[in-house]
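Structural features, examined
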Amino acid sequence: MKITIPQSDNVYRKNKGLLDILHIDGWLLLGILMLLAGSTLLVYSASGGDINVTYRHLIRIGFALTLLLVFAQIPPNILYLFTPWLFILGILMLIAVILFGDIGKGAQRWLNLGPIRFQPSELMKLVLPMMVAWLFAHSTLPPSYRRLLVGAGLIALTAGLIVVQPDLGTSLLIAMSGLFVLFFAGLPWKIIFGAIATTLVSLPIVWHFMHAYQKQRVLTFLNPESDPLGSGYHIIQSKIAIGSGGIEGKGFMGSTQAHLDFLPESTTDFIFSVLSEEFGLIGVIILLSMYVFVIARGLYIASQAQDNFTRLIASSLMMTLFVYVFVNIGMVSGLLPVVGLPLPLMSYGGSALVTLMISFGILMSIHTHKKMLSN
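Quick caveat: nothing in here was measured; it's all calculated off a predicted structure.

**What to know about the overall build of the protein chain**
Secondary structure summary: the protein chain contains 16 helices and three strands in total. Taken over 375 residues, the protein chain has a buried fraction of 50%. By sequence separation, contacts in the protein chain at least 24 residues apart represent 73% of the contacts at least 6 residues apart. Of the accessible surface of the protein chain, which amounts to about 18,000 Å², a share of 70% is contributed by carbon and sulfur atoms.

**What to know about the packing of helix α6 (residues 120-135) against helix α8 (residues 168-185)**
Packing of α6 against α8 leaves a shortest axis separation of 8 Å and a crossing angle of 20°. One element, α6, and the other, α8, form an angle in the roughly parallel class. As for the relative orientation of α6 and α8, their crossing is right-handed in sense. Seen from α6, the contacting residues are S121, M124, K125, L128, P129, V132 and A133; seen from α8, they are T170, I174, S177, G178, V181 and L182. For the contact of α6 with α8, a count of residues per class yields eight nonpolar, four polar and one charged.

**Concerning the packing of α6 against helix α15 (residues 308-332)**
Running from amino to carboxyl end, α6 crosses α15 at an angle of 145°, the nearest separation of the two axes being 9 Å. Like other packed secondary-structure pairs, α6 and α15 cross with a definite hand, here right-handed. Here K125, L126, P129, M130, A133 and W134 of α6 come into contact with α15, specifically with F309, L312, I313, S316, L317 and Y324. Broken down by class, the residue content of the contact of α6 with α15 amounts to 10 nonpolar, one polar and one charged.

**A word on the environment of P337**
In this fold, P337 is placed in the loop between α15 and α16 (351-373). Residues P337 and V327, 10 residues apart in the sequence, show an inter-C-alpha distance of 8.8 Å.

**What to know about unusual backbone geometry**
Phi at L345 takes a positive value of approximately 70°, unusual for a residue other than glycine. With respect to the helices and strands, L345 occurs in the loop between α15 and α16. Using a relative accessible area of 4% as the deciding quantity, one classes L345 as buried.

**Brief notes about the pattern of salt bridges**
Tallied over the entire structure, the rule returns three salt bridges. Two residues, K250 and E277, come together in a salt bridge whose shortest N-O distance is 2.8 Å. Pair noted here: K250 is in the loop between α12 (233-244) and α13 (256-259) and E277 is in helix α14 (residues 271-304), with a separation of 27 residues, a long-range link.

Rules behind the numbers
Residues numbered from 1 in each chain as written. Predicted model: local features only at pLDDT ≥ 70, side-chain atom pairs only at ≥ 80, totals over all residues. Heavy atoms only, no water. Helix = DSSP H or I, 4+ residues; strand = E, 2+ residues; numbered from the N terminus. Buried < 20%, exposed > 50% of the residue type's maximum accessible area, 1.4 Å probe, protein only. Contact = heavy atoms within 4.5 Å. Areas by Shrake-Rupley, 256 points an atom, 1.4 Å probe, with all protein chains shown as cover. Axes fitted to C-alpha atoms, helices over the stretch in contact; angles between N-to-C directions. Parallel < 35°, antiparallel > 145°, perpendicular 65-115°, else oblique. Left-handed = near helix turned anticlockwise from the far one by under 90°. Nonpolar A, V, L, I, M, F, W, Y, C, P; charged D, E, K, R; others polar. Salt bridge = Lys/Arg side-chain N within 4 Å of Asp/Glu carboxyl O.

Here is the structure:
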């Protein structure tokens, strides 16, 4: 990949501000910090004013932002060199999960690494699109059918290893991150429509091999009122919270659904319901506007990238963020089946936030190192 980072950037440092020296994109950082500030307030409210939960959330935010800064310093050509090795490591860890991973909540998804439990599928959210982009780094776009087939094989391998954990929801979302790379690389429309048709035809077969709890999630999505005190309870309470917020909401700390423990996972998967109840439609519009700002800025960075590798990575990461936001909001609103997915940059949690901050660090590296090369 023809990217050369100057050995000395003294001229660049002399003429640029602190954010440029630290390889930070100010506009993107502003959008991220606004979302994280809102997240801290919501976590505090959803936890019933639990200062310990809020404190742990702030520690995780600080650690994640530190990783953003670290990865922003890594030039894209270094990422390119290490991508195949990271992919191999990720695949080996997914195999290790299947062989001797820790079991939690009915699934075998974690590796016990002593003081920490690590979920390798989180790593693959970043590494898979990087690997597919690496495949197309030196080829003309649109790529040949052979390269497209190899890229599809890498996606299928990764998704397949996650499906057997079992984690169908995460496998589909990770597969989407790789498919976005294929799409932006110039995947022919006839293949796209053919894949959609094949998927629709194969749905009965997929249904046959789904686990019982996965089938129940689909049935609950179609008719949550059929089991209001069982599998449909979560989504019913979530819709009550969203609807009760109205236009202006009940105000900060006013989420009765969360504080009276009617709303499950109020600080994680269903935090959007808390926001809707407390800040109403106005709060939802503000939140969606901030997401649009962040995603639009990320896509702008992708459009300014100087090579296939960085352009495909940046565009895929931003579209993946869009899908995660869309799926979570659709899930808690009853428009999509529940898949246990947190709301990016808003939900309480560690691994998902860390992965997301690393992706933003990569975006900033792509943008700011490009500016160094142009000076």
